[in-house]
Amino acid sequence: MRKLTAMVVASTLALSSASFAFAAETTPATPAPAQTQGKMDHHKGPRHHNPFAGLNLTEQQRTQMKALMKDSPRPDRGDMKKQMDTLHGLVASNSFDESKVKAEIDQISQAQAARMLERAKVENKMYNLLTPEQKKQFNENYQKHGEKMAEHQREHKADAKPAA
């Protein structure tokens, strides 16, 4: 249960940090420079996926998507920081109060769920601005991204195995 909760909190925080600004772009971001040897490289895989990349959006579609993003509620980064600071304080205490930690995790999870719901609503509106051909490409991009993420996870698991 703790692992599941930790995974939910970690993944939701990672998702919440992503910006809606990606939708206005029509080309994939340039790849990050190669990391130097000796540095931690467990985050070198696919990061922020832009499902609208490569769809050849029209100017009208870009304008409409920008308007949707502009009108969407923005997460309060201050509240998110306070929640994480509170959780840190509970973890970094001399004694562990499981009920307080669970309560804080529940609050963080509820806030993240609300942010994810709002993001999904906006992305659905953006998706419905696409032509049938663009929707097909959008769905293909989603599948390809899922395959890349699965490969990245397999590589990460292989890298994390201790040497025998």
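Values in this document were obtained by computation on a predicted structure and should not be read as measured data. (Residues numbered from 1 in each chain as written. Predicted model: local features only at pLDDT ≥ 70, side-chain atom pairs only at ≥ 80, totals over all residues. Heavy atoms only, no water.)

J.: Break down the pattern of salt bridges for me, with residues and values.
T.: All chains considered together, the criterion is met by seven salt bridges. One salt bridge connects R62 with E59, and the closest N-O pair in it is separated by 3.0 Å. Here the residue R62 and the residue E59 both occupy positions in helix α2 (residues 59–71), the gap between them amounting to three residues, near one helical turn. Between E151 and R154 there is a salt bridge, and its shortest N-O distance comes to 2.8 Å. Here E151 and its partner R154 are both found in helix α5 (residues 132–160), three residues apart, which amounts to about one turn of the helix. Looking at E151, the relative accessible area reads 34%, which means it is partly exposed. (Salt bridge = Lys/Arg side-chain N within 4 Å of Asp/Glu carboxyl O. Helix = DSSP H or I, 4+ residues; strand = E, 2+ residues; numbered from the N terminus. Buried < 20%, exposed > 50% of the residue type's maximum accessible area, 1.4 Å probe, protein only.)

J.: Lay out the packing of helix α3 (residues 77–91) against helix α4 (residues 98–127) in plain terms, naming residues and giving numbers.
T.: Following both chains from N to C, one finds α3 and α4 inclined at 160 degrees, their axes separated by 10 Å at the closest point. What the angle tells us is that α3 and α4 run roughly antiparallel. Relative to α4, the crossing made by α3 is left-handed. The residues of α4 that touch α3, namely those facing M80, Q83, M84, T86, L87 and L90, are K100, V101, E104, I105, Q107, I108, A111 and R115. Class assignment for the residues of the contact of α3 with α4 results in eight nonpolar, three polar and three charged. (Axes fitted to C-alpha atoms, helices over the stretch in contact; angles between N-to-C directions. Parallel < 35°, antiparallel > 145°, perpendicular 65-115°, else oblique. Left-handed = near helix turned anticlockwise from the far one by under 90°. Contact = heavy atoms within 4.5 Å. Nonpolar A, V, L, I, M, F, W, Y, C, P; charged D, E, K, R; others polar.)

J.: Kindly report on α4, identifying the contributing residues and their values.
T.: Taking 1.5 Å per residue, 30 residues should reach 44 Å; α4 reaches 42 Å between its end C-alpha atoms and fits that length. Those residues of α4 not exposed but buried are V101, E104, I105, I108, Q112, R115, R119, V122 and M126. (Expected span 1.5 Å × (residues − 1).)

J.: Before we move on, can you summarise the packing of aromatic side chains with the specific residues and values?
T.: For any two aromatic rings, the description comes down to two numbers: the centre-to-centre distance and the angle of the planes. One pass over the structure, following the stated rule, counts two aromatic pairs. For the pair F52 and F138, a centre-to-centre distance of 5.1 Å together with 50 degrees between the ring planes defines the contact as tilted. In this pair, F52 is assigned in the loop between α1 (2–17) and α2 and F138 in helix α5, connecting sequence segments 86 residues apart. An identical accessibility class is assigned to F52 and F138; each is buried. Among the aromatic residues, those joined into a ring-pair cluster are F52, Y127 and F138. (Phe/Tyr/Trp six-rings, centres within 6.5 Å; stacked < 30°, edge-to-face > 60°.)

J.: An account of unusual backbone geometry is requested, with residue identities and associated values reported.
T.: If a residue is not glycine, its phi is most likely negative; likewise, a peptide bond is most likely trans. Notably, N56 is not glycine yet its phi reads approximately 50 degrees, a positive angle. Residue position: N56 is located in the loop between α1 and α2.

J.: Can you explain the environment of F52? Please cite residues and give values.
T.: Residue classification places F52 among the buried residues on the basis of a relative accessible area of 0%. A sequence separation of 83 residues divides F52 from K135, and the C-alpha atoms of the two residues are 9.4 Å apart.

J.: Explain the environment of M84 residue by residue, including any values.
T.: Relative to the helices and strands, M84 resides in helix α3. By relative accessible area, which is 28% here, M84 ends up partly exposed. Spatially, the C-alpha atom of M84 lies 9.2 Å from that of I105, the residues being 21 residues apart in sequence.

J.: How would you summarise the nonpolar core if you had to cite specific residues and measurements?
T.: Core analysis: the largest hydrophobic core is formed by nine residues, namely F52, L55, L57, M65, M69, V122, M126, L130 and F138. Going through the elements one at a time, α2 and α4 are the ones with two or more residues in this core. In this structure L130 touches F52, L55, L57, Q61, M65, K135 and F138, once residues within four positions along its chain are discounted. Counting residues in each nonpolar core, the second largest holds five residues, with L87, V101, I105 and I108 among its members. (Core = buried A, V, L, I, M, F, W, Y, C linked by side-chain atoms within 4.5 Å.)

J.: Lay out α2 in plain terms, naming residues and giving numbers.
T.: Three or four residues apart is the spacing at which side chains of an α-helix point the same way, because the helix has 3.6 residues per turn. An ideal rise of 1.5 Å per residue puts 18 Å on 13 residues; α2 measures up with 18 Å between its terminal C-alpha atoms. Those residues of α2 that are buried lie in contact with α4 and α5.

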